[in-house]
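Chains, contacts and geometry: an overview
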Amino acid sequence: MRNGDKALLRLADGQARVSGLPYAGTSGICERFDLPVGAIVTLRQAAQNRVERLSPAEAIKAILSQTALQPWNERDIQAALDLAAGLAARVPVFRLSGRPDAGAVACLERSLPWSTP
């Protein structure tokens, strides 16, 4: 499943879903998919690889920081807040802080709730 570096998150029938965007950005990658969301992971550069699960308030803030919306449109803002709160209530949200290397990926894989030791 690939779609450049952006995807469309939404709630459908009470379930968090992710889909590819209907256009390709600079990556030129544009594939159609529609899958359930198991977790949301935000990224931050750091000297050490570390994963932490965000609190509901932190999760909402992290989701909103990556949301495209028209800030002058009250309905957009309310819809974004509702979506962020709904996503944060349904799926775990993590912050992966670390270096851009395979060690960060391994750290994340070990930290996800469905991973095996």
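Let me begin by describing the structure that accompanies this report. (Residues numbered from 1 in each chain as written. Predicted model: local features only at pLDDT ≥ 70, side-chain atom pairs only at ≥ 80, totals over all residues. Heavy atoms only, no water.)

What about the sheet that holds strand E6 (residues 93-98)?
The cut-off we apply is this: Any two strands with at least two DSSP-identified bridges between them are counted as paired. Numbering of helices and strands runs from the N terminus, with a helix taken as a DSSP run of H or I at least four residues long and a strand as a DSSP run of E at least two residues long. Here an angle of 0 to 180 degrees is reported between the N-to-C directions of two axes, which are lines fitted to C-alpha atoms, with helices fitted over the stretch in contact. Contact between two residues is taken to exist if any of their heavy atoms lie within 4.5 Å; hydrogens are not considered.
Pairing within the open sheet is mixed, and its 3 strands lie in the order E4-E6-E5. A strand with exactly one partner marks an edge of an open sheet, and here the two such strands are strand E4 (40-45) and strand E5 (50-53). Averaged over all pairs of adjacent strands, the angle between strand axes in this sheet comes to 20°, irrespective of strand direction. Packing against the sheet, helix H3 (residues 102-111) makes contact with E4, E5 and E6, and its axis sits at approximately 35° to E5.

Examining unusual backbone geometry
Peptide bonds are trans in most cases, and residues, glycine excluded, mostly fall at negative phi. Phi angles above zero are rare outside glycine, and Asp 13 is one such case at about 55°. Mapped onto the elements of the fold, Asp 13 is located in the loop between strand E1 (8-12) and strand E2 (15-19).

A few points about helix H2 (residues 74-90)
Inclusion rule: In a helix, the anticipated span is given by 1.5 Å times the number of residues less one. Within 3.5 Å is the distance limit for a polar contact, defined as a pair of N or O atoms, with the added protein rule that one can donate a hydrogen and the other accept it, and that residues adjacent in sequence qualify only through two side-chain atoms.
Under the 1.5 Å per step criterion, the end-to-end length of H2 is 24 Å for 17 residues, consistent within 8% with the ideal 24 Å. On the buried face of H2, the contacting elements are E1, E2, E4, helix H1 (56-65) and E6. Of the residues that open H2, the one with a side-chain oxygen 2.9 Å from the backbone nitrogen of Arg 75 is Asn 73.

Some points on a nonpolar patch on the surface
What counts, and what does not: Two joining distances apply to patches: 9 Å for like charges and 5 Å for nonpolar side chains (Val, Leu, Ile, Met, Phe, Trp, Tyr), and every residue must have over 30% relative accessible area and no salt bridge. Note that accessible areas follow from Shrake-Rupley with a 1.4 Å probe, and for residues the cover is restricted to the protein chains shown. The rule for a salt bridge is simple: a side-chain nitrogen of Lys or Arg has to be within 4 Å of a carboxyl oxygen of Asp or Glu. Relative accessibility under 20% of the residue-type maximum defines a buried residue, over 50% an exposed one, and the middle range a partly exposed one, all with a 1.4 Å probe and only protein chains included.
There is a patch of nonpolar side chains on the surface, built from Leu 69, Ile 77 and Leu 81 and spanning about 200 Å² of accessible area. Along the chain, Leu 81 falls in helix H2. Judged by relative accessible area, Leu 81 falls into the partly exposed class, the value being 35%.

Concerning the side chain of Ser 19
Structurally, Ser 19 is set in strand E2. For Ser 19, the side chain forms a polar contact with the side chain of Arg 10, separated by 2.7 Å. Within the structure, the side chain of Ser 19 is placed 3.2 Å from the side chain of Asp 34, a separation counted as a polar contact. Apart from residues no more than four positions distant in its own chain, Ser 19 is found in contact with Ala 7, Leu 8, Arg 10, Phe 33 and Asp 34.

Describing the nonpolar core
Quick note on the threshold: Each nonpolar core is a collection of buried residues, namely Ala, Val, Leu, Ile, Met, Phe, Trp, Tyr and Cys, held together in the definition by side-chain atoms within 4.5 Å.
One finds Val 37, Ile 40, Ile 63 and Val 93 to be the most contacted residues of the largest nonpolar core, which totals 14 residues. The set of elements that each furnish at least two residues to this core consists of E2, H1 and H2. Once residues lying within four places of it in the same chain are set aside, the contact partners of Val 37 are Leu 9, Ala 16, Arg 17, Val 18 and Val 91. Residues Val 51, Cys 107, Leu 108 and Leu 112 belong to the second largest nonpolar core, which totals 7 residues.

Some thoughts on H3
Spacing of three or four residues puts side chains on the same side of an α-helix, whose turn is 3.6 residues. Worth spelling out the cut-off: Arc definition: it is the arc formed by the directions from the helix axis to the C-beta atoms.
Listing the buried residues of H3 in full gives Ala 104, Cys 107 and Leu 108. Across the axial projection of H3, the buried residues extend over an arc of 95°, all falling on one side. Counted as exposed and oriented over 90 degrees from the buried face of H3: Ala 102 and Arg 110. Contacts from the buried residues of H3 go to E4, E5 and E6. Sitting at the head of H3, Asp 101 places a side-chain oxygen 3.1 Å from the backbone nitrogen of Gly 103.

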